[in-house]
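# Architecture and fold: a report
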Amino acid sequence: MSEPSAPPPEDRDWTYVITQGCTECGFTPFHHTLAAARLRETVPRWRAALAEASATARPAPLVWSPLEYGCHVRDVCRVMGRRVELMLAVDGTSFANWDQDATAIADRYWAQDPGKVADEYATAAELAAATLDIVSGDAWERRGIRSNGSQFTVATLAVYFLHDVEHHLHDVGA
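Let me begin by describing the structure that accompanies this report. (Residues numbered from 1 in each chain as written. Predicted model: local features only at pLDDT ≥ 70, side-chain atom pairs only at ≥ 80, totals over all residues. Heavy atoms only, no water.)

## With respect to the side chain of H167
- Tracing the backbone shows H167 in helix α6 (residues 154-171).
- Setting aside residues up to four positions removed in sequence, H167 forms contacts with W14, C22, E24 and C25. (Helix = DSSP H or I, 4+ residues; strand = E, 2+ residues; numbered from the N terminus. Contact = heavy atoms within 4.5 Å.)

The following block contains the structure:
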């Protein structure tokens, strides 16, 4: 399969969803201690979306397919899980920039196998959930700083992270 046209880069600052929710997908902020359970609840929904015969089809030329979104959320779980680990290890840690659009092209999201991506998502989501499971007490307040200067605590990162995964379920109609 040839490389499809790249959607316009995502440049919105989505941090507002932590406190305000998201009117686009219906996300409402939740208590951060529920993040691991909510993340695990997304696995069967992503498996179902990626099992659809249309999983590789883009709904429009500049809109990712369910497969491409599935690859993205798999990688979101990996990146955010590592960020939580960094925050737990070093309070006030800085996160390296992650260019999600460059990753999609470099890793050829559109050409990956949907079944394999579903399995990889399940593994990545479980690893990230297991990391969140070990957070307790004051550790929820440990800090991290994104490359654009946005500051998070483990608690706010957990909510922000879950919005991304759940928002993309909305994007694919799952």
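## Describing helix α5 (residues 114-133)
- If you check α5, its first and last C-alpha atoms are 28 Å apart, about what 20 residues at 1.5 Å a residue would give, namely 28 Å.
- Those residues of α5 not exposed but buried are P114, V117, A118, Y121, A122, A124, A125, A128, A129, T131 and L132.
- If you follow the buried residues of α5, they end up packed against α2 (35-51), α3 (66-89) and α6.
- Here α5 starts with a cap whose side-chain oxygen sits 3.2 Å from the backbone nitrogen of G115, and that cap is D113. (Expected span 1.5 Å × (residues − 1). Buried < 20%, exposed > 50% of the residue type's maximum accessible area, 1.4 Å probe, protein only. Polar contact = N/O pair within 3.5 Å; in protein donor to acceptor, adjacent residues only side chain to side chain.)

## Things to note about the pattern of salt bridges
- For the structure on display, the rule yields 12 salt bridges.
- For the salt bridge of E24 with R12, the shortest nitrogen-to-oxygen distance reads 2.7 Å. Note that E24 is positioned in the loop between α1 (17-20) and α2 and R12 in the segment before α1, a separation of 12 residues in sequence.
- For E24, a relative accessible area of 39% gives the class partly exposed.
- As a salt-bridge pair, R143 and D91 come within 3.6 Å of each other at their nearest N and O atoms. Here the residue R143 occupies a position in strand β2 (residues 143-145), and D91 occupies one in the loop between α3 and β1 (93-94), the gap between them amounting to 52 residues.
- Look at R143 and you get partly exposed, because its relative accessible area is 36%.
- One network of salt bridges, in which partners are shared, links R74, D75, R78, K116 and E120. (Salt bridge = Lys/Arg side-chain N within 4 Å of Asp/Glu carboxyl O.)

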